[in-house]
Amino acid sequence: MSGDEKPAAAPRSLAEALRERDDASLAALLRSRPDLITPVPTDLTQLATRAGTRASVVRALERLDRFALQTAEALAVAGDPASYGELLGLTAGDDGDPEVAAALPHALGALRAQALVWGADDRLHLVRTARELLAPSPQHPSPTGLGPTVREATAGMSPGRIQEIVAAAGLPSTHDSVSAVAALTGLFTDRERMAALLADVPADSLDVLDRLVWGPPYGQVTADPAPRLRLLLDRGLLLPTQPGTVVLPREVALHLRAGRAHRTPEPVPPAVTASATHRPQVVDATAAGQAYTALATVEELLKDWDEGGPTVLRAGGLSVRDLKRTAVALDVPEPVAAFWVELAYAAGLLASDGEADERYAATPAYDEWLERPPADRWAQLAQAWLAATRTPGVIGGRDAKDRTLSALGPGLDRSAAPEVRHRALALLAALPEGAAPDAESVLARLRWERPLRGPQREGDHDLRARLARWTLSEAELLGVTGRGALSAHGRALLGAPQGPAGADRSGAEATPAGPGDKLPVHKHHHPPAGPPYGPAPLSPAERATATAAAARLLAPLLPEPLDHVLLQADLTAVAPGPLRRPLADVLGVLADVESKGGATVYRFTPASVRRALDAGRSAADVHAFLAEHSRTPVPQPLAYLIDDVARKHGHLRVGAASAYVRCDDDALLNEILADKRSAGLGLRRLAPTVLAAQADPGTLLEGLRAMGYAPAAESAAGDVLIARADSHRTPPRTAPEPVPDGPPAPDGALLSAAIRAIRAGDLASTAPRRPTASRAHDGSDGDLPRTSAAETLATVQAAVLTGETLWIGYVNADGAASQRVIAPIRVEGGFVTAYDHTADEIRTYPLHRITGVAELAEEAAADPS
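Residues numbered from 1 in each chain as written. Predicted model: local features only at pLDDT ≥ 70, side-chain atom pairs only at ≥ 80, totals over all residues. Heavy atoms only, no water.

## Remarks on the overall build of the protein chain
So, point 1. When its secondary structure is counted, the protein chain shows 35 helices and 27 strands.
So, point 2. A separation of at least 24 residues holds for 68% of the contacts in the protein chain among residues at least 6 apart in sequence.
So, point 3. Within the structure as shown, the protein chain displays about 40600 Å² of accessible surface, and the carbon and sulfur contribution to it stands at 54%. (Helix = DSSP H or I, 4+ residues; strand = E, 2+ residues; numbered from the N terminus. Contact = heavy atoms within 4.5 Å. Areas by Shrake-Rupley, 256 points an atom, 1.4 Å probe, with all protein chains shown as cover.)

Shown next, in the form of structure tokens:
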């Protein structure tokens, strides 16, 4: 430092501390606390004020890890300001702790970066609101277990009683209570004198202190305390707070704790341990098999709802009965069925149709999804799951109004779900490939990383712990993990690097780890300010790249679709693997699925064959289709079945009269009229070959089929109507938007613009100004400049000639007043064109909207940026 330079003055407020930051540091703060730029503050003073509001501070505290929070709690019980040495003593204790000493700079740096702590190491200030939230009080005990200071505990005590305590502690009497309390505080904070004082205390009295030392610090006493308590009260080692209640002063507790604010400091995050390890190839193959099952399950679900699914409850959602039916159809437990239903909904493949009789059905996006390659379809489902805030695990629980939470219904959003999913999977990604984590170690790590977010309770369980457990089970269902370990395509989905050091891709089976074996993990003791723990959320472009990479890795692992089946004499067809879509679609119409698994068994029945004929296929088409796609000859019983159904199909014709039946065989119509089962159809003869019905055509068709006939529907022109298996679809629907956990993180462009605006606004509010006659007259140095129209015009015109920078007050068309720093370029037609440092661009202002103008002092005008 040169002789002319002066050392920078210590900041006197959070605003001054923020003013000393560079743009990168401010960007990190705004990225980690996005609520601070919603909307963008006008200057750094407003930013500091907003950073100190209760809601913002609570949100920032909730995103601290356990040791950073312990550091903040230690500062809350320290003096204000506190020195770094005092903070180190509170966290590491008198005996010191190497791990605490190593981690404390990182924790303090995180608090500074989050604008929760400001000031140099010799004058550390915890933001006032954070101190109020974390400092001990009877209403809100501190996790430190400490009580009030001597000064706080004696605030309502009589001066005479204070002097009695001072005398009993062996201190000289003073003339006032303030000095007496200061003397007592000095005694309790002096290690040697305090040790000498406690040396004379009997063991039974020390036992009382030991029970209170780690909290809670409050105890109950009778009106006539026992001698062991009376001794402690006389010496001020216990102080009364109200009748019948005493408290252990903070200074006494810290001495008994050897200076530590916390019983168990946790500077190092708990390691994530592995319960087993597998070959990476086994993990990937297992996950790929489950990914294929996931695709088949979602397809089966929506195919089951093709012609319109269950009705929507009046309050929204799926009824318990319909969920049970869906679970039976999918052959899975009800919670798993709820997961698949919610996954299809989150991916935009399922929605309500919005009709009067509202039902759930597939969306048009489902048809587009079906046309994509299997790996791409899986990646779309997995990304939808990662980002979804709807949480299937809470289905069946009760909401705040004691209403049952139903699948697809309201109240399922949990804003913390995406963060927990990403973080839980990131912990798996930090393990060696093929390592399946111990679930409890994952939960312990998550609790360390977000200790204040844990106490969100639903029933008797920690919500974040439940979210983490659901994440691990759902990832296995979806095929993101295999045998509990993160797969290669799951790692790519997160955007994590492939193949960490030491991973074995050679194919050799790794030795399974025992339950207590620790595997290497990537430890981030205290992440820098910015995004929450772990990497920043992926941008849309990065997410698209990660999705494509996951699909690319998964594609070779999925089974190749087959183009053939094996026909058997018992009227069944066996598909030994997944079928190509055209074959699967046609076979799904021609036969009914009898069983699923590694091989799918289809059964041919008269109803299924008639369904294919109703869809427009002839008997010859069906024979040709089976012959083409069967590796075995078409069995004779199946050929007979097809021909027999085809011979009867369409012999009767049904149309709209209300409905009618016509047939060239009048004897067959006589048979129908004579059948008692036709009474409900309201049939009557119109002509020898025509019967009219009171039922509608659909009911008439179903009634005749139930009687054993095979009628065909026809149009008004007499042509046979082909009842193709067209599916019911909803109108175009968008996938449900996740409920954000607070304001969204700003992107780079918004951060740059916000910082520019804040800097410029701060310049406008803090730059020294030359005094003007108007301001000298009214003395309003802190207000917007007020000058007459003539003075404003003259000053602006002069600035154009001299190139000076001006400070102006401006009122926009909405009546909002602001202050700006401008460099006038020209004045004409009642407008001034100038470079606006606040907006960092050239703008034009009407002169009549400028409330006043003032010249900046020379040192400010020299460098307005």
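## Some thoughts on unusual backbone geometry
One can expect most non-glycine residues to show negative phi and most peptide bonds to be in trans.
So, point 1. Along the chain, threonine 38 connects to proline 39 via a cis peptide bond; the corresponding omega equals 0°.
So, point 2. Locating proline 39 in the fold gives a position in the loop between α2 (23–32) and α3 (44–51).
So, point 3. Residue aspartate 80 is joined to proline 81 through a cis peptide bond whose omega torsion reads 5°.
So, point 4. Here proline 81 is to be found in the loop between α5 (66–77) and α6 (84–92).
So, point 5. Positive phi, close to 60°, is recorded for alanine 115, a residue that is not glycine.
So, point 6. Summarising the element assignment, alanine 115 is placed in the loop between α7 (98–113) and β1 (117–118).
So, point 7. For leucine 408, which is not glycine, the phi dihedral falls at a positive 65°.
So, point 8. Given the relative accessible area of 8%, leucine 408 is considered buried. (Buried < 20%, exposed > 50% of the residue type's maximum accessible area, 1.4 Å probe, protein only.)

## Some remarks on the sheet that holds strand β5 (residues 245–247)
So, point 1. Ordered in space as β3-β5-β4, the three strands form an open sheet in which the pairing is antiparallel. Each edge of the open sheet carries a strand with a single partner, namely β3 (218–220) and β4 (239–242). Recorded for the sheet is a direction-independent mean angle of 40° between the axes of neighbouring strands.
So, point 2. Direction of pairing for β4 relative to β5: antiparallel, over a ladder of three bridges. Within the sheet, the bridge partner assigned to leucine 239 lies in β5 and is valine 247. (Pairing = 2+ DSSP bridges. Axes fitted to C-alpha atoms, helices over the stretch in contact; angles between N-to-C directions.)

## Thoughts on the pairing of strand β20 (residues 684–687)
So, point 1. Where β20 and strand β21 (residues 690–693) come together, three bridges link them in antiparallel fashion. Note that in β21 the partner of alanine 687 across the bridge is valine 690.
So, point 2. As consecutive antiparallel partners, β20 and β21 are separated by two residues.

## Considering the sheet that holds strand β16 (residues 592–595)
The strands making up a sheet associate through hydrogen bonds between their backbones, and the pairing can be parallel or antiparallel.
So, point 1. Pairing within the open sheet is antiparallel, and its four strands lie in the order β14-β15-β17-β16. The sheet terminates laterally at β14 (566–568) and β16, the two strands that pair on one side only. Taking each pair of neighbouring strands and ignoring which way they run, the sheet shows an average axis angle of 30°.
So, point 2. Pairing between β16 and strand β17 (residues 600–603): three bridges, direction antiparallel. Bridging across to β17, valine 593 finds its partner in tyrosine 602.

## Describing the nonpolar core
So, point 1. Core analysis: the biggest nonpolar cluster contains 87 residues, and Phe188, Leu237 and Leu238 have the highest contact counts within it.
So, point 2. With eight residues, the top contributor of residues to this core is α5.
So, point 3. With residues near it in sequence (within four places) discarded, leucine 237 still touches Phe188, Met194, Leu197, Leu198, Val201, Leu209, Leu232, Val247, Leu248, Pro249 and Val252. (Core = buried A, V, L, I, M, F, W, Y, C linked by side-chain atoms within 4.5 Å.)

## So, helix α30 (residues 666–674)
Residues spaced three or four apart along an α-helix point in a common direction, a consequence of the helix completing one turn every 3.6 residues.
So, point 1. Taken as a whole, α30 has its buried residues at Leu668, Leu669 and Ile672. Each buried residue of α30 sits inside an arc of 100° when the element is viewed along its axis, so together they form one side.
So, point 2. Buried residues belonging to α30 abut β19 (659–662), β20, β21 and α31 (697–706).
So, point 3. The opening residue of α30 is aspartate 665, an N-cap whose side-chain oxygen sits 3.1 Å from the backbone nitrogen of alanine 667. (Arc of directions from axis to C-beta. Polar contact = N/O pair within 3.5 Å; in protein donor to acceptor, adjacent residues only side chain to side chain.)

## Structural notes on the side chain of glutamine 383
So, point 1. If you trace the backbone, glutamine 383 turns up in helix α20 (residues 374–387).
So, point 2. Aside from chain neighbours lying at most four places away, what touches glutamine 383 is Leu493, Arg543 and Thr547.

## A few points about the pattern of salt bridges
So, point 1. As enumerated under the stated definition, the model contains 31 salt bridges in all.
So, point 2. Note that arginine 161 and glutamate 164 form a salt bridge whose closest N and O atoms lie 3.2 Å from each other. With arginine 161 and glutamate 164 both in helix α10 (residues 159–168) and three residues apart, the pair spans about one turn of that helix.
So, point 3. A residue is classified by how much of its surface remains accessible, and arginine 161, at 22% relative accessible area, is partly exposed.
So, point 4. For glutamate 449, the salt bridge goes to arginine 445, with nearest N and O atoms at 3.1 Å. Of this pair, glutamate 449 and arginine 445 both sit in helix α22 (residues 439–449), four residues apart, which is roughly one turn of the helix. An identical accessibility class is assigned to glutamate 449 and arginine 445; each is buried. (Salt bridge = Lys/Arg side-chain N within 4 Å of Asp/Glu carboxyl O.)

## Focus: the side chain of glutamine 114
So, point 1. Within the element layout of this structure, glutamine 114 appears in the loop between α7 and β1.
So, point 2. Within the structure, glutamine 114 has its side chain in polar contact with the side chain of serine 32 (distance 3.5 Å).

## Regarding the packing of aromatic side chains
So, point 1. Enumeration over the complete set of coordinates arrives at four aromatic pairs.
So, point 2. A centroid spacing of 4.8 Å and a plane angle of 70° characterise the contact between tyrosine 810 and tyrosine 845, whose relative ring orientation is edge-to-face. Here tyrosine 845 lies in strand β26 (residues 841–846) and tyrosine 810 lies in strand β23 (residues 806–811), a separation of 35 residues in the sequence. One exposure class covers both tyrosine 810 and tyrosine 845, and it is buried. (Phe/Tyr/Trp six-rings, centres within 6.5 Å; stacked < 30°, edge-to-face > 60°.)

## Quick notes on the pairing of strand β24 (residues 817–828)
So, point 1. Here β23 pairs with β24 via six bridges, running antiparallel. Bridge pairing links tryptophan 807 to valine 821 in β24.
So, point 2. Counted along the chain from β23 to the antiparallel partner β24, the turn is five residues long, and its residue glycine 815 has a positive phi close to 85°.
So, point 3. Note: β24 against strand β25 (residues 831–836), six bridges, orientation antiparallel. Bridged to proline 824 within β25 is alanine 834.
So, point 4. Where β24 folds back on β25, the antiparallel hairpin that results is connected by two residues, among which glycine 829 adopts a positive phi of roughly 60°.

## Comments concerning the packing of helix α21 (residues 417–430) against α22
So, point 1. Put simply, α21 and α22 touch, their axes get as near as 11 Å, and they point 125° apart. Of the possible angle classes, the one that applies to α21 and α22 is oblique. In this structure, the crossing between α21 and α22 has a hand that is right-handed. Residues Val420, Arg423, Leu427 and Leu428 of α21 lie in contact with α22, whose contacting residues are Val442, Arg445, Leu446 and Glu449. (Parallel < 35°, antiparallel > 145°, perpendicular 65-115°, else oblique. Left-handed = near helix turned anticlockwise from the far one by under 90°.)

## Notes on a negative patch on the surface
So, point 1. A cluster of acidic residues, Asp664, Asp665, Asp666 and Glu671, forms a negative patch on the protein surface.
So, point 2. Examined against the element boundaries, glutamate 671 turns out to sit in helix α30.
So, point 3. What makes glutamate 671 partly exposed here is its relative accessible area of 46%. (Patch = residues over 30% accessible without salt bridge, like charges linked within 9 Å, V, L, I, M, F, W, Y side chains within 5 Å. Lys, Arg positive; Asp, Glu negative; His and termini not counted. Charge placed at Lys NZ, Arg CZ, Asp CG, Glu CD.)

## Points about helix α23 (residues 463–478)
So, point 1. In a regular helix each residue adds 1.5 Å, so 16 residues correspond to 22 Å; α23 covers 22 Å between its end C-alpha atoms and thus fits that length.
So, point 2. When α23 is considered as a whole, its buried residues turn out to be Leu463, Arg464, Ala465, Arg466, Leu467, Ala468, Trp470, Thr471, Glu474, Ala475 and Leu478.
So, point 3. Looking at the residues trailing α23, positive phi occurs at glycine 479, about 90°. (Expected span 1.5 Å × (residues − 1).)

## A look at the packing of helix α28 (residues 619–629) against helix α29 (residues 636–648)
So, point 1. Two numbers describe how α28 lies on α29: the axes approach to 9 Å, and their chain directions differ by 160°. In terms of orientation, α28 lies roughly antiparallel with respect to α29. For the pair α28 and α29, the sense of crossing is right-handed. Contact residues: Ala619, Val622, His623 and Leu626 in α28; Leu638, Ala639, Ile642, Asp643 and Ala646 in α29.
So, point 2. Counted by class, the contact of α28 with α29 contains seven nonpolar, one polar and one charged residues. (Nonpolar A, V, L, I, M, F, W, Y, C, P; charged D, E, K, R; others polar.)

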